[in-house]
Each structure stands twice: as structure tokens, then as C-alpha cells.
Amino acid sequence: MSTTPGTRHTIPAQRRQEILRAIRGGATHVAQLAQSFGVSEMTVRRDLDELARDGHIERVRGGAVTVNAEPPFDETLIERFDDKNAIGAAAAALVQDGQTVMIDIGTTTLQAARHLHGRTLTVVTSSLAVYEELVPDESIELILPGGTVRRNYHSLVGILAETALRQLKADILFLGTSAVDARFDIWDTTMVEVPIKRAMIEAASEVVLLADSEKFSMAGLVRVCEAGVIDRLVTNAPPPPEAAAAAERAGITITIAG
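Every value quoted in this text rests on a predicted model; they were computed, and no experiment measured them. (Residues numbered from 1 in each chain as written. Predicted model: local features only at pLDDT ≥ 70, side-chain atom pairs only at ≥ 80, totals over all residues. Heavy atoms only, no water.)

Peer 1: Looking at this structure, I do not really get the overall build of the protein chain. What am I missing?
Peer 2: The helix and strand inventory of the protein chain stands at 10 helices and 14 strands. Every one of the 258 residues in the protein chain was classed for burial, and the buried ones make up 51%. Look at the contacts in the protein chain between residues 6 or more apart in sequence, and 63% of them connect residues 24 or more apart. By element, 51% of the accessible surface of the protein chain is carried by carbon and sulfur atoms, the whole surface being about 11500 Å². (Helix = DSSP H or I, 4+ residues; strand = E, 2+ residues; numbered from the N terminus. Buried < 20%, exposed > 50% of the residue type's maximum accessible area, 1.4 Å probe, protein only. Contact = heavy atoms within 4.5 Å. Areas by Shrake-Rupley, 256 points an atom, 1.4 Å probe, with all protein chains shown as cover.)

Dropping the structure here:
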């Protein structure tokens, strides 16, 4: 079955890198990738063949599997570090003492946590990296939702974590993402993280998306939410015109860090 190409085209080399990220996140089938990236299945097969020739993946019946593991959290952490740190500082400045803050997994959300030291807050997080960062700070009450440990990305996932989050409320959520498309829909490359993100969104009075400018040129596998769910974007540069227009229509406030 072929998939009609959609609007999420990229140049071939960039698309192949995004497909590789999606495969590392759990997407393995041609039809699934074609639908996610808005291209034909034939195009996906050509991209997979190219990635296989370069040694990044192994072709299997109907799709592909990754040869190399998902990049470790600590490796991703240093990518575009200055931009992420500026975004984190700007996000932390939105928090008022006494509030309950939910913090999603991710290397940018971790930077926000690092700028919360010394504040009188309650922090709810599924990120073990955020926990490790804040646990020495006795002024911050920490709540972990439990669940299954996803070691490579220092996170808690699964039905136990999701159920626990649905029992909580927060004033503000710092939400991470793998990609933001032209409609300002939020995407992730790892299926197991999406239910956790959605549970956090439901729990928060204000949803603040932390996304550096590179996220607007990337793609994900699973849609986390649509633009209307987001209250504010904190980023390091103005979004592309189409995404900026979608944000304006949705009433999203944009904060440029720096």
C-alpha cells in the first residue's frame, strides 16, 4: 500500500538523517515511515537502501532496524549546548516561588532545571537526570512518578508512571520535543515517551514548550499534541514563517532566549 506524499518534505540528505532518528526511536516499517515523513514508500525504500549502504541500519523484510544504538543522553546533552542553556534560563525565569513545576525528559528541559536551584518549589519529573540535578537542593520538593527505567535516556516510562502523573496537578510544564512541524504540531521519535508527555500536558495549567531552532527542521514519528495545547514557546531564534503563523493562530506566546 502506498502513502500519498504530504507536506513534510525535506531535502534527501536531511530526510535520511531524520529517518535514522525515527528508526532509533522505534519506527521500523516502510509504511510507517512513509506516513510519518509524508513521502512515498518508494522514496523511503531508497532512503533506507542509502542508509544501509552507509552502515547506519540493516535492511529487514518490510523495513529496517538500527545497527547503532540510540545516541546516549550524555552525548545529546552537549549538542547546541549554549542555545539549550539560554532557553533553560529563560524558561526558569517564568516560574514563581511556591509553584509546582512538571519537567519532561530532554536535554533542554534539564537546562531549565539547572536554573531552578535555590527556589522554593515542587518539581515533578520523569527525568532521572533532572532528579539527579535537583536532589541536593533541599528547598525543592521532588516527586518521581515511578515506572520502568529507560536507562539510555535516564527516564521513567510505562503504565505506572503514566497512572501516577494522572493523579497530579501542576502550575507549569516544561515540555521537550523531537520536532515541531509547520503547523506547530509537536512530535516525538520515541513511542514509549509519548503517553508520559500527554499525561503531563493534561496535568499542567500552563504548557511551555522548550525547543531550539533546530527542532523546526527535524521530524518525529508520533504526534504528541497539536498547536492549540501549547501556551508558550521558549526558543533561541524566531520560528520559520509558516510555524510562526501557526503559533499566532493558536495564541502561543513566543519567548526568544538570549
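Next comes the rest of the account.
Peer 1: Would you explain the nonpolar core in this entry?
Peer 2: Buried together is how nonpolar side chains tend to be arranged in soluble globular proteins. Met102, Leu173, Phe184, Ile186, Leu209 and Ile230 are the most contacted members of the largest nonpolar core, which totals 33 residues. Of all the secondary-structure elements, those providing two or more residues to this core are helix 8 (159-165), strand 8 (170-175), helix 9 (194-203), strand 11 (204-210), strand 12 (222-225) and helix 10 (241-250). For this core, the element with the most residues is helix 9, which contributes 6 residues. Residues contacting Leu209, with those up to four places away along its chain left out, are Leu175, Gly176, Thr177, Val180, Phe184, Ile186, Ile230, Arg232, Leu233 and Val234. Residues Ile87, Val123, Leu134 and Ala257 belong to the second largest nonpolar core, which totals 23 residues. (Core = buried A, V, L, I, M, F, W, Y, C linked by side-chain atoms within 4.5 Å.)

Peer 1: How should I be thinking about the sheet that holds strand 10 (residues 186-188) in this particular structure?
Peer 2: What holds strands together in a sheet is hydrogen bonding between their backbones, with the strands either parallel or antiparallel. Taken together, the 3 strands give an open sheet; going across it, the order is 9-10-12, and neighbouring strands pair in antiparallel fashion. With one partner strand each, in any of the chains shown, strand 9 (179-180) and strand 12 form the two edges of the open sheet. Inspection of the sheet shows strand 9 paired to strand 10 by 2 bridges, in the antiparallel sense. Across the sheet, the residue bridging to Val180 is Ile186, located in strand 10. In the packing of helix 9 onto the sheet, the strands contacted are strand 10 and strand 12, and the crossing angle to strand 12 comes to about 10°. (Pairing = 2+ DSSP bridges. Axes fitted to C-alpha atoms, helices over the stretch in contact; angles between N-to-C directions.)

Peer 1: It is not clear to me how the pattern of salt bridges should be interpreted in this structure. Could you clarify?
Peer 2: Pairing of side chains with opposite charge becomes possible as their charged atoms draw close. Scanning the entire structure with this criterion turns up 14 salt bridges. Asp47 serves as the salt-bridge partner of Arg15, at 2.6 Å between the closest nitrogen and oxygen. You can see Arg15 sitting in helix 1 (residues 12-24) and its partner Asp47 sitting in helix 3 (residues 41-53), a full 32 residues away along the chain. Across the pair, exposure class does not vary: Arg15 and Asp47 are buried alike. The partner of Glu206 in a salt bridge is Arg232, with the nearest N and O atoms 3.9 Å apart. Taken together, the residues Glu206 in strand 11 and Arg232 in strand 13 (residues 232-235) connect sequence positions 26 residues apart. Through salt bridges that share partners, Asp181, Arg183, Asp185 and Arg223 make up one connected network. (Salt bridge = Lys/Arg side-chain N within 4 Å of Asp/Glu carboxyl O.)

Peer 1: Please clarify how helix 2 (residues 30-37) should be interpreted in this entry.
Peer 2: For an α-helix, the turn length of 3.6 residues means that residues three or four places apart are oriented alike. Every buried residue of helix 2 is listed here: Val30, Leu33, Ala34, Ser36 and Phe37. One side of helix 2 holds all its buried residues, which, seen down the axis, span an arc of 165°. (Arc of directions from axis to C-beta.)

Peer 1: Where do I start with the side chain of Thr43 in this structure?
Peer 2: With respect to the helices, strands and loops of the structure, Thr43 is situated in helix 3. Under the relative-accessibility criterion, Thr43 is labelled buried at 14%. Looking at Thr43, its side chain comes within polar contact range of the side chain of Ser40, at 3.0 Å. (Polar contact = N/O pair within 3.5 Å; in protein donor to acceptor, adjacent residues only side chain to side chain.)

Peer 1: I would appreciate a short explanation of the environment of Pro195 in the present structure.
Peer 2: By the element assignment, Pro195 lies in helix 9. Sequence spacing of Pro195 and Ile159 is 36 residues, and the spatial spacing of their C-alpha atoms is 8.6 Å.

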